[in-house]
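Read off the chains here:
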There are 2 protein chains.
Amino acid sequence: MSAEAGSGPPDQGPLAIICGAGSLPFAVADAVRAHGREVVMFALRGWADPERVAAYRHYWGALGQFGWVCRQARAEGCRDIVFIGTIARPPLWRLRFDWGTLRILPRVAAAYRGGDNHLLSSVAQAFEQQGFRLVGAHEVAPEILMPAGVVSKRQPNAQERADMAQALRLLEAIGKFDVGQAAVVAGNHVLAIEGVEGTDKMLERVAELRARQIGGTSGVLVKAPKPGQDWRFDLPSIGPLTIEGAARAGLSGVAVLARASIVAEPQRVTALADAHNIFVVGVNVDGTLG
Amino acid sequence: MSAEAGSGPPDQGPLAIICGAGSLPFAVADAVRAHGREVVMFALRGWADPERVAAYRHYWGALGQFGWVCRQARAEGCRDIVFIGTIARPPLWRLRFDWGTLRILPRVAAAYRGGDNHLLSSVAQAFEQQGFRLVGAHEVAPEILMPAGVVSKRQPNAQERADMAQALRLLEAIGKFDVGQAAVVAGNHVLAIEGVEGTDKMLERVAELRARQIGGTSGVLVKAPKPGQDWRFDLPSIGPLTIEGAARAGLSGVAVLARASIVAEPQRVTALADAHNIFVVGVNVDGTLG
């Protein structure tokens, strides 16, 4: 047991957070700190938010600097590493490699040709071979997971629940293709399926359709992990921007798979949802909300 | 047998073409005329191209004027009706109904809540109950179907053929959700799945991703009918705009399901594909090109 408050159990050491874009990395960092464990941010240049990173012990680096992360994390006494935040996959030839990466490059290059799951598993293995443990944000900060049930004032009606169920079945069917954690269904009609562009862009697309009076009204955004996906990477997430995007798209609600999706800034999410009269629910795989 | 050249067999009468946007209706009309059968265009205001419609015997009307089409088509001696051209589904309340439509409205309104297959089958039934026969463009003008094999100078390589096969499997998996006749796969990575926005918008999205250097390079656009889809409506189609969109998206080729997809202006499609060094192929369900 540690004698020092705030440093966590001595067998853990500080948590290394490899930090992409968005507010999620900071939500995780704050939750981990609240559990009494220190964090060290490895902020990815061009992705992580510099103003917010400054509030934590941190290093700046570029995507692809595997050797650098291993070296600094080891020097900081970190054993556990979390990947969190948005990073769109750049072309392989634009990554800035260091020597540590170059050693593992053949494996990463092979994995680069394929879906995200494939790539990320390969990166995880490389870290593990260096003695680190790749953990999921949900393991170190379980309170960031969406609970089951409705967290907004508005409740989904029968049609909206049917749309949620249809979207979940659709996401399950496409999951094996390692694409798409999100879809929009309105009145039994699938309007959009997320590809590489991400949820915000997909919602913009639905907003454009609606501006042209196509695609009906109301509807639900549903997000769920791919079946069999490695939960240590890229769990589906929602945040204030998601609610605002859903409102602009004329949707009546947002549903995410309960206990399998991350909510950044839950209080703001709920407040915004109520302000826009949008429901936000954590749905179970079988479509129930309990 | 008819004694008049150009009027077709007397048991057929002229073909009624309900004409949406794009060049496909005119490709079908010209092919039908070349077979010696007259056509009557029912041009949908806001969708059909007025300049091109003018070259055919035609009537202008609005989507939703079911009674009007039945009346005029009967007066013209038409028994067969073809639906062709792009029509995005407007909100039900914006349709301009005539009395003929109002009589069938409860059925159409019920069908409106659901995917396109569902809606269109219901419309087809309504026409059939009025004594018309709804036929597919491929039945009256089989030459507009894409043949199997490569029709461009460029040939797909092994990776591109693997991407085509993956996209076909993906489209098959989502087909039962009555969405998406198109997807883009690049280096085993699914970049985009078509929703209600249509193929051109999906290609714009891929072009935007690539402008941000996301989503790799090359890749293939694949289009195929939904499994079990009614071929009398909305067969997947490509035309010159598709090739230009694919080129802007940095794709290396376009593949459509052979004998199950329509090519508008095949000569321009091939010429543009060669100019952009893009391959265009008709692929069989099993991924072969023969």
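Here is a short report on the structure shown in this document. Predicted, not measured: the structure shown is a model, and the values here were computed from it.

Residue and element names in this part refer to chain B. In this model helix α7 (residues 158-175) runs 26 Å from its N-terminal to its C-terminal C-alpha over 18 residues, within 8% of the 26 Å that 1.5 Å per residue would give. Taken as a whole, α7 has its buried residues at Glu-160, Asp-163, Met-164, Gln-166, Ala-167, Leu-168, Leu-170, Leu-171, Ala-173, Ile-174 and Gly-175. Capping of α7 at its N-terminal end is provided by Asn-157; its side-chain oxygen lies 3.1 Å from the backbone amide nitrogen of Gln-159.

What follows is about the state of the cysteines. Residues and elements named next belong to chain B. In total, this model carries zero disulfides over all chains according to the counting rule given. Counting only cysteine sulfurs, Cys-78 is the nearest neighbor of Cys-70, a cysteine outside any disulfide, at a range of 11 Å. Under the relative-accessibility criterion, Cys-70 is labelled buried at 3%. The buried category is assigned to Cys-78, whose relative accessible area is 6%.

This part covers unusual backbone geometry. All names here are of chain A. Backbone geometry places Asn-188, a non-glycine residue, at a positive phi of 70°. With respect to the helices, strands and loops of the structure, Asn-188 is situated in the loop between β7 (182-186) and β8 (189-193). A relative accessible area of 27% places Asn-188 in the partly exposed class. Of note, Asn-277 is a non-glycine position whose phi angle comes to about 55°, a positive value. Locating Asn-277 in the fold gives a position in the loop between α10 (266-276) and β13 (279-283). Judged by relative accessible area, Asn-277 falls into the partly exposed class, the value being 46%.

Criteria and thresholds
- Residues numbered from 1 in each chain as written.
- Chains lettered and ligands numbered in written order.
- Predicted model: local features only at pLDDT ≥ 70, side-chain atom pairs only at ≥ 80, totals over all residues.
- Heavy atoms only, no water.
- Helix = DSSP H or I, 4+ residues; strand = E, 2+ residues; numbered from the N terminus.
- Expected span 1.5 Å × (residues − 1).
- Buried < 20%, exposed > 50% of the residue type's maximum accessible area, 1.4 Å probe, protein only.
- Polar contact = N/O pair within 3.5 Å; in protein donor to acceptor, adjacent residues only side chain to side chain.
- Disulfide = S-S within 2.5 Å.

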